[in-house]
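Coordinates in review
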Amino acid sequence: MMYDQTRAQQPAGQTRGPTERRAPGPEPLLPSAERDKIVQSLRHALNHFPDTPREALEEAESAYDEATAQLVNALAERRRLLRAGWQDQAPGTQSDELRHALRQYREITQRLLQL
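Quantities reported herein were computed from a predicted structural model and do not represent experimental measurements.

Calculation rules
Residues numbered from 1 in each chain as written. Predicted model: local features only at pLDDT ≥ 70, side-chain atom pairs only at ≥ 80, totals over all residues. Heavy atoms only, no water. Helix = DSSP H or I, 4+ residues; strand = E, 2+ residues; numbered from the N terminus. Buried < 20%, exposed > 50% of the residue type's maximum accessible area, 1.4 Å probe, protein only. Contact = heavy atoms within 4.5 Å. Areas by Shrake-Rupley, 256 points an atom, 1.4 Å probe, with all protein chains shown as cover. UniProt positions renumbered as here; feature names shortened; annotations may be inferred. Salt bridge = Lys/Arg side-chain N within 4 Å of Asp/Glu carboxyl O. Patch = residues over 30% accessible without salt bridge, like charges linked within 9 Å, V, L, I, M, F, W, Y side chains within 5 Å. Lys, Arg positive; Asp, Glu negative; His and termini not counted. Charge placed at Lys NZ, Arg CZ, Asp CG, Glu CD.

Each helix and strand counted, the chain has four helices and zero strands in total. Along its sequence from the N terminus, the chain presents helices and strands in the succession α-α-α-α. The burial tally for the chain puts 10% of its 115 residues in the buried class. By sequence separation, contacts in the chain at least 24 residues apart represent 58% of the contacts at least 6 residues apart. Per element, the accessible surface of the chain, about 9700 Å² overall, is 53% carbon and sulfur.

Below, the structure written as structure tokens:
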């Protein structure tokens, strides 16, 4: 099997052809600018691996560290917002509001389990 540089540079999970479209899904965990920055750093590492393998690996590790840090921060913020929406509610809070919060917890937890 030959190395496909174009495919290797695609973000994870993006192996579809140009005519196939992804169904709209939940809001991304990271802002697009942050994702783009991390993806660019990883692409740079992949492209420079043949010339400077050790430096490329260090750059890839740095991209990994940045991605995990950003993800942890985004998840903590999402949790804070979710909790603020239901925690301080009166005991007689509408069950629809609580059900909505429960759905959001379920969605984010399922997304994490699919990583």
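Another aspect to go through is the UniProt feature "coiled-coil region" (unreviewed entry) in the chain. Under the UniProt annotation, "coiled-coil region" (unreviewed entry) lies at residues 57-84. Helix and strand shares over residues 57-84 are 100% and 0% respectively, and the end C-alpha atoms of the span are 40 Å apart.

Attention now moves to the pattern of salt bridges. In total, this model carries three salt bridges according to the counting rule given. Ionic pairing is found between Arg80 and Glu77, a salt bridge with its closest N-O pair at 2.7 Å. On the criterion of helical spacing, the pair formed by Arg80 and Glu77 is a turn pair, its members being three residues apart in helix α3 (residues 53-86). The salt bridge involving Arg99 is made with Asp96; its shortest N-O contact spans 2.8 Å. Taken together, the residues span about one helical turn, with Arg99 and Asp96 both in helix α4 (residues 95-113) at a distance of three residues. A relative accessible area of 53% places Asp96 in the exposed class.

A grouping of Glu55, Glu58, Glu61 and Asp65 is seen on the molecular surface, where their side chains present a negatively charged patch. Of note, Glu55 is situated in helix α3.

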